[in-house]
Each structure stands twice: as C-alpha cells, then as structure tokens.
Amino acid sequence: NEVRYRQSSDGGLNWNASMMLSTNDGLHSAFARVDFSGTDCDVLAVAWRNQVDPNDWQWDVRGAFSNDGGLSWTEKLISGTTSSEWDPFTLVDKHNVIHIGIMDFPYGDPLNTIELYTKSYDGGISFTELDTVYNRKSRFPFLCYDYNLDVLWYYFRADSMIYSID
C-alpha cells in the first residue's frame, strides 16, 4: 500500500517506469491527490496520508518532492500532529509554490473535522505553519488554480446536512 508515480510526455500514449514515492514501511500510504496543471516548471510535489501505527487510526501527511520534473524525489514528513490528518490535496502554481490542503480530525471524531492549509516557497524543504481554513465539520479539501488570473481556490464539503454550521 504505497504511493507510486508514473509520467507520460506524450499525452498518455506511453509511460515511464513506475517510481515508489512513499517509504515501503509496511504501513498504509493512501490517497495522494495532486494537480500539476498550474505549473510550467520542474518543481513537483505529491502529498498523501501515511499511517503512523498499524494498530491505530492516526495518520500524518507525508510528501515527495522533485526539483527536476519528476526524475528524482525526496520524501519527508509535512505535518504530524497528535490528531489524524487525512486526504491531502497538492497543487503547484506558476511561481513554484507548493500548496497543500489537509482534512484533520483534532477531536478524535471522524465526523468532526477541520480544513487546514500550508504552503512551501522552497520546493518542499520547509512549510508555513498550518492555517485553519474552516474549523467545523467538513471534508475533502480540493484546490484549484487559475494560471492566467493567478488565483488559488480551496474547496471542501461542509457537512451542513448532518450538523448545523454558520
């Protein structure tokens, strides 16, 4: 259950060899979601949730980073807290900034989540402090970027049908 990467330079007709991005540690690495469509550079990033303990539901967010268009990758921890962080979405913009949206379970209840955001200006070497985008009962961050307008959007599902929200 590891995260792998393949690249096609001809619109999907042919693919390079599969590369493992996550560490083959026997723990689950899951739900890498990424968008490279906003970048025209060699900076790439892929984030995923990574199981901390095989007997627990705690997950951290790890990622792999490339500064050479995906030829080589470096894996590292992006966010590891005492809560459980799930299903990150990664986007790289035209300024080589890596943006990551994260769904977090800070209260131990999988129905009571918050939306977090962090970014890196240096190819994934360091990240900004986690910022809370939405702090009540939400799910599944999704980032979109308009290259021409240079605008980033952060979408998520608010569980208003189950819980009352402002």
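Heads up: the structure comes first, above all this text.
Residues numbered from 1 in each chain as written. Predicted model: local features only at pLDDT ≥ 70, side-chain atom pairs only at ≥ 80, totals over all residues. Heavy atoms only, no water.

**Some remarks on the pattern of salt bridges**
Here is step 1: This model, assessed by the stated rule, comprises two salt bridges.
Here is step 2: As a salt-bridge pair, D87 and R49 come within 3.5 Å of each other at their nearest N and O atoms. Taken together, the positions of D87 in strand β8 (residues 84-92) and R49 in strand β5 (residues 44-51) put the pair 38 residues apart, joining distant regions of the chain.
Here is step 3: Look at D87 and you get buried, because its relative accessible area is 7%. (Salt bridge = Lys/Arg side-chain N within 4 Å of Asp/Glu carboxyl O. Helix = DSSP H or I, 4+ residues; strand = E, 2+ residues; numbered from the N terminus. Buried < 20%, exposed > 50% of the residue type's maximum accessible area, 1.4 Å probe, protein only.)

**Overview of the sheet that holds strand β3 (residues 29-30)**
Here is step 1: Taken in spatial order, the four strands of this open sheet run β3-β5-β6-β7, and their pairing is antiparallel. On the outer flanks of this sheet lie β3 and β7 (74-79), each paired with one strand and no other.
Here is step 2: Strand direction decides the pairing type here: β3 and β5, joined by two bridges, are antiparallel. Its bridge partner lying in β5, S29 is registered against N50. (Pairing = 2+ DSSP bridges.)

**Things to note about the side chain of D87**
Here is step 1: Polar side-chain contacts of D87 include one of 3.5 Å to the side chain of R49.
Here is step 2: Excluding residues that lie within four positions of it along the chain, D87 makes contacts with F31, R33, R49, G101, M103, F140 and P141. (Polar contact = N/O pair within 3.5 Å; in protein donor to acceptor, adjacent residues only side chain to side chain. Contact = heavy atoms within 4.5 Å.)

**Remarks on the sheet that holds β8**
Neighbouring strands of a sheet are bound in pairs by backbone hydrogen bonds; such pairs are parallel or else antiparallel.
Here is step 1: Strand order across the open sheet formed by five strands is β4-β8-β9-β10-β11, with mixed pairing between neighbours. Two strands in the sheet have a free side with no partner beyond their single neighbour: β4 (33-35) and β11 (131-134). Recorded for the sheet is a direction-independent mean angle of 25 degrees between the axes of neighbouring strands.
Here is step 2: Pairing between strand β10 (residues 114-120) and β11: three bridges, direction antiparallel. Across the sheet, Y117 pairs through a bridge with D131, a residue of β11. (Axes fitted to C-alpha atoms, helices over the stretch in contact; angles between N-to-C directions.)

**Regarding unusual backbone geometry**
Here is step 1: If you check the backbone angles, F31 has positive phi at about 55 degrees while not being a glycine.
Here is step 2: Checked against the element boundaries, F31 lands in the loop between β3 and β4.
Here is step 3: Of note in the backbone geometry, D87 takes a positive phi value of approximately 45 degrees without being a glycine.

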